[in-house]
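A look at the structure
Here's the letter readout for the chains.
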Amino acid sequence: MKILKVVGWVLLIALIAIQFIPSNLNQEEVDYTTDFATVYNVPENVNRVLETSCYDCHSNNTKYPWYNRIQPVAMYLSDHVEDGKKHFNFSEFSSYSLKRQKKKLDEVAHEVEDGEMPLDSYTLVHWDAKLSEADKKLVIDWANELNSSL
Ligand code: HEC
């Protein structure tokens, strides 16, 4: 039992120690010149769905929950944001080549259709980000329409 006590203390100290690891916040000045909603005419209702369900991981501005102050949660979230942005970033969308933009719009429609996005781990805590069938259709139709107009 003594060993358990030691392990417990070590874990507790480690947990406290990692609280000092700074987390990089994904909160930049918005560069509206390359932002998606500036360059393309995004209908208000579509924009609302994208902002609520996608922008936390696919833009340069994340609205963080309070528990982002706690490690290792902050590292976990930061990982998702970095990964999401690497794949596709609404804030820098218009700086992509036309070919890439079209590919990404195609992927948006597919990921939403297949229920892959937003990530399950995200909607588990962000209930409002869950897409209804109507939201899905809205985003898919709009992405396809924009894609074919480019
Ligand atoms: C919690 C963070 C998070 C949210 C919210 C989120 N995504 Fe993602 N997204 C990711 C991550 C991480 C990846 C890359 C890994 C993967 O594909 O699972 C990704 C990948 C993608 C890709 C694939 C791009 C490629 O290059 O293959 C598309 C498209 C996408 N997301 C669209 C969306 C859309 C549309 C929404 C909103 C309806 C959304 N995502 C919401 C984190 C997120």
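Summarised in this report is the structure supplied together with it. (Residues numbered from 1 in each chain as written. Predicted model: local features only at pLDDT ≥ 70, side-chain atom pairs only at ≥ 80, totals over all residues. Heavy atoms only, no water.)

Attention now moves to the layout of surface pockets. In this structure, the largest pocket spans a volume of roughly 680 Å³. Cys57, His58, Gly84, Met117 and Leu119 are, among the 34 residues lining the largest pocket, the residues nearest its centre. At eight residues, the largest contribution of residues to the lining of the largest pocket is made by helix α5 (residues 73–87). Looking at the lining of the largest pocket residue by residue, the classes come out as 20 nonpolar, eight polar and six charged. (1 Å grid on protein atoms, 1.4 Å probe; cavity = no way out; pocket = protein on both sides within 12 Å on 5 of 7 lines; lining within 4 Å. Points joined across faces, edges and corners; volume = space filled by probe spheres on them. Helix = DSSP H or I, 4+ residues; strand = E, 2+ residues; numbered from the N terminus. Nonpolar A, V, L, I, M, F, W, Y, C, P; charged D, E, K, R; others polar.)

Scanning all chains against the criterion turns up four salt bridges. Close ionic contact of lysine 103 with glutamate 107 constitutes a salt bridge, the shortest N to O distance being 3.1 Å. Residue lysine 103 and its partner glutamate 107 are both found in helix α6 (residues 98–113); the two are separated by four residues, about one turn of the helix. Between lysine 137 and aspartate 141 there is a salt bridge whose closest N-O contact spans 2.6 Å. Of this pair, lysine 137 and aspartate 141 are both found in helix α8 (residues 133–149), four residues apart, which corresponds to roughly one turn of the helix. With a relative accessible area of 35%, aspartate 141 lands in the partly exposed category. A single salt-bridge network, built from bridges that share partners, covers Lys103, Lys104 and Glu107. (Salt bridge = Lys/Arg side-chain N within 4 Å of Asp/Glu carboxyl O. Buried < 20%, exposed > 50% of the residue type's maximum accessible area, 1.4 Å probe, protein only.)

Attention now moves to the coordination of the iron atom of the ligand. Coordination sphere of the iron atom of the ligand, protein contribution only: His58 (NE2) and Met117 (SD), at 2.0 to 2.2 Å. Each of the six donor atoms around the iron atom of the ligand contributes to a set of angles spanning 85 to 179°, which defines the coordination as octahedral. In this pair, histidine 58 sits in helix α4 (residues 55–58) while methionine 117 sits in the loop between α6 and α7 (120–123), placing the two residues 59 residues apart along the sequence. (Donors = N, O, S within 2.8 Å, 3.2 Å for Na, K, Ca; no water. Tetrahedral: all angles 85-135°; square planar, octahedral: opposite > 155°, others 65-115°.)

Everything listed here is a matter of coordinates, which is why it stays silent on function.
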